[in-house]
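These are the residues of each chain, in order.
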Amino acid sequence: MTALPPITPKEHHNYVAFFLTLACNLACPYCINLHNSNNRFNQADRRALDVGDWIRSANRLLLRADLPLTLQGGEPTLYPGFYRFVNEVKPELKMDLMTNLMFDVNVFIKNVPLWRFTREAPYAAIRVSYHPGQNDIDDLIVKTIKLRDAGFRVGLYGIEHPDPQLRMHIQETQRRCLELGLDFRMKEFLGEYGGKMFGTFKYDNCATGQTMRTCVCRTTEIIVDPAGYVYKCHADLYNGRDPIAHILDPDFNENSIDKFRSCSSFGSCNPCDVKIKTNRFQVFGHTSVEIRDIR
Ligand code: SF4
Ligand code: SF4
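Attention shifts here to the overall build of the protein chain. A tally of regular secondary structure across the protein chain gives eight helices and 16 strands. Taken against the 2.2 N^0.38 rule, which gives 19 Å for 295 residues, the C-alpha radius of gyration of the protein chain at 19 Å falls within 12% of a compact globule. Counting only C-alpha atoms and orienting by the principal axes, one finds that the protein chain spans roughly 55 × 50 × 40 Å. The buried share of the protein chain, reckoned over its 295 residues, is 51%. In the protein chain, the share of contacts with a sequence separation of at least 24, taken over all contacts with a separation of at least 6, comes to 77%. Between the averaged position of the 36 positive side-chain charges in the protein chain and that of its 34 negative side-chain charges there is a distance of 3 Å.

Structure follows, in structure tokens:
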């Protein structure tokens, strides 16, 4: 099989992610994936990429030292070819993992090469989301310590929820983890709660879901869905809407994502794309997309 031409993200391209699967073994009520049977990806009836194609796709990437390939989902470890993928992709590619840590850590430690998830960065390569009422914090702590003792760098993340009780629980959990020497960070709550919108967004009314408007939009990210389609934003990816390319297209490269493209869904943008956040250098003020000509 002939090798595909390389994809070399530019300095201003901040994120490369393969969504290996949108399936998940939790069922958070606020999940943006509409997981399992309800997810729109399944509704669109698209064929999931097989592991050989994921490996070919990853091997196209020529990534800077500060830009890993992030594996996310859903829960990426549920992808049947997960262990083969992390072992067989070319060794120069570093990976990050976004997980709910519901996997068997002994199997993970035995099957995942440490170097794949080891690099210098201001945050952990394995980032675990704590979802109160879904994954159990005692279990997460035990597993995190096991992974840490095996040499992996793991960070736990909780949401600064506006509900006072939940917020207090997360803060207590953070204190507890920090006392145990575990990295536990807070993430801003994004979305609506109690009739109020939470989050710091760059564009007015971009994520309220009330009025749809047209615009042109340009991304700084390469995000690939389980079938290998590349999208201009997370809202498009989760809806299986308007892919801009396929990761195996020989013509797809770093220039393909630099174009402004028309969109008629401004107003239902995903907070991930339009929130003002810290970039990979932990500098605040970055948004994933740039939007113009809103009408
Ligand atoms: S762990 Fe993440 S992907 Fe899974 S249900 Fe919860 S929010 Fe959705
Ligand atoms: S305007 Fe919003 S929905 Fe449209 S492409 Fe940009 S981020 Fe996505």
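Given 3.6 residues to a turn, an α-helix orients residues that are three or four positions apart in the same direction. The end-to-end C-alpha distance of helix α6 (residues 164–179), which contains 16 residues, comes to 23 Å, matching closely the 22 Å that a straight helix rising 1.5 Å per residue would cover. Every buried residue of α6 is listed here: I170, T173, Q174 and C177. For α6, the buried positions fall inside an angular range of 105° around the axis, keeping them on one side. Exposed positions of α6 whose direction lies more than 90 degrees from the buried face are P164, Q165 and E179. Tucked into the core, α6 has its buried residues touching α5 (137–149), β5 (154–160) and β6 (183–188). Between a side-chain oxygen at the N-terminus of α6 and the backbone nitrogen of Q165 the separation is 3.2 Å; the capping residue is D163.

This part covers the site of ligand 2. Taken together, C215, C217, K232, C233, R241, C263, S265, C269, V289 and I291 are the residues near ligand 2. Listed by contribution, the elements that provide at least two residues to the shell around ligand 2 are β9 (213–219), β13 (261–266) and β16 (289–292).

Before going further, it helps to spend a moment on unusual backbone geometry. Here G73 and G74 are connected by a cis peptide whose omega angle stands at 20°. Tracing the sequence through the fold places G74 in the loop between β2 (69–72) and α3 (82–88). Located in the positive-phi region is L101, a residue other than glycine, with phi close to 60°. The residue L101 is located in the loop between β3 (95–99) and α4 (105–111) in this model.

This part covers the site of ligand 1. Lining the immediate surroundings of ligand 1 are 10 residues, of which C24, L26, C28, C31 and H131 lie closest. Looking at side-chain class alone, the shell around ligand 1 contains five nonpolar, five polar and no charged residues.

Strands sit in the order β13-β9-β16 across an open sheet of three strands; the sheet is antiparallel. Here the strands that pair on one side only, and so sit at the sheet edges, are β13 and β16. Pairs of neighbouring strands in the sheet enclose a mean axial angle of 45°, with direction left out of account. Pairing analysis gives four bridges linking β9 to β16, with the strands arranged antiparallel. The partner of T219 across the bridge, within β16, is V289.

Another aspect to go through is the pattern of salt bridges. Evaluated as defined, the whole model comprises 16 salt bridges. Here the salt bridges share partners, and the residues they tie into one network are E11, R64 and D66.

Right, let's get into the environment of P68. By the element assignment, P68 lies in the loop between α2 (51–59) and β2. According to the relative accessible area criterion, P68 is buried, its value standing at 5%. A C-alpha to C-alpha distance of 17 Å links P68 and I247, two positions 179 residues apart in sequence. Once residues lying within four places of it in the same chain are set aside, the contact partners of P68 are V16, L63, K94, M95, D96 and R119.

Scanning the entire structure with this criterion turns up 11 aromatic pairs. Consider the rings of Y83 and F108, whose centres lie 6.4 Å apart with planes at 70°: the pair is edge-to-face. Of this pair, Y83 sits in helix α3 while F108 sits in helix α4, and the two are 25 residues apart along the sequence. When the centroid spacing of 4.7 Å and the interplanar angle of 20° are considered together, the rings of F103 and F108 count as stacked. Owing to a relative accessible area of 0%, F108 belongs among the buried residues under this scheme. Members of the aromatic cluster, each reached through a chain of ring pairs, are F82, Y83, F103, F108, F117 and F152.

Conventions and cut-offs
The residue numbering used here restarts from 1 in each chain and proceeds along that chain's sequence as written. Ligands are numbered from 1 and chains lettered from A, in the order in which they are written. Given that this is a predicted model, residues contribute local features only at a pLDDT of at least 70 and side-chain atom pairs are listed and counted only at 80 or more, while totals for whole chains, interfaces and linings are drawn from all residues. Calculation of side-chain values draws on the structure's entire complement of heavy atoms; hydrogens and water are dropped beforehand. We count a stretch as a helix when DSSP gives it H or I for four or more residues in a row; a strand needs E for two or more, and each element gets its number in order from the N terminus. We take the radius of gyration over the C-alpha atoms and set the globule estimate at 2.2 Å times the residue count to the 0.38 power. Three exposure classes are used, based on accessible area relative to the maximum for each residue type with a 1.4 Å probe and protein chains only: buried under 20%, partly exposed in between, and exposed over 50%. In this description, contact between two residues means that some pair of their heavy atoms is separated by no more than 4.5 Å. As used throughout, the charge tally considers Lys and Arg to be positive and Asp and Glu to be negative, leaving His and the chain termini uncounted. In plain terms, the charge of a residue is placed at NZ if it is Lys, CZ if Arg, CG if Asp and CD if Glu. The span one expects for a helix is its residue count, reduced by one, times 1.5 Å. By construction, the arc corresponds to the directions joining the helix axis to the C-beta atoms. For the purposes of these results, a polar contact is taken to be a pair of N or O atoms within 3.5 Å, where, inside protein, one atom must be able to donate a hydrogen and its partner to accept one; residues adjacent in sequence count only when each atom of the pair is a side-chain atom. Throughout, near means a residue has at least one heavy atom within 4 Å of the molecule or strand. Polar here means any residue outside two lists: the nonpolar Ala, Val, Leu, Ile, Met, Phe, Trp, Tyr, Cys and Pro, and the charged Asp, Glu, Lys and Arg; Gly therefore counts as polar. A pair of strands is treated as paired once DSSP finds two or more bridges between them. All axes are obtained by fitting lines to C-alpha atoms, using only the stretch in contact for helices, and the reported angles, taken between N-to-C directions, cover 0 to 180 degrees. By salt bridge we mean one thing: a side-chain nitrogen of Lys or Arg within 4 Å of a carboxyl oxygen of Asp or Glu. Paired rings are identified among Phe, Tyr and Trp, the last through its six-membered ring, by centres lying within 6.5 Å, and are further divided according to the angle between planes into stacked (under 30 degrees), edge-to-face (over 60) and tilted (the rest).

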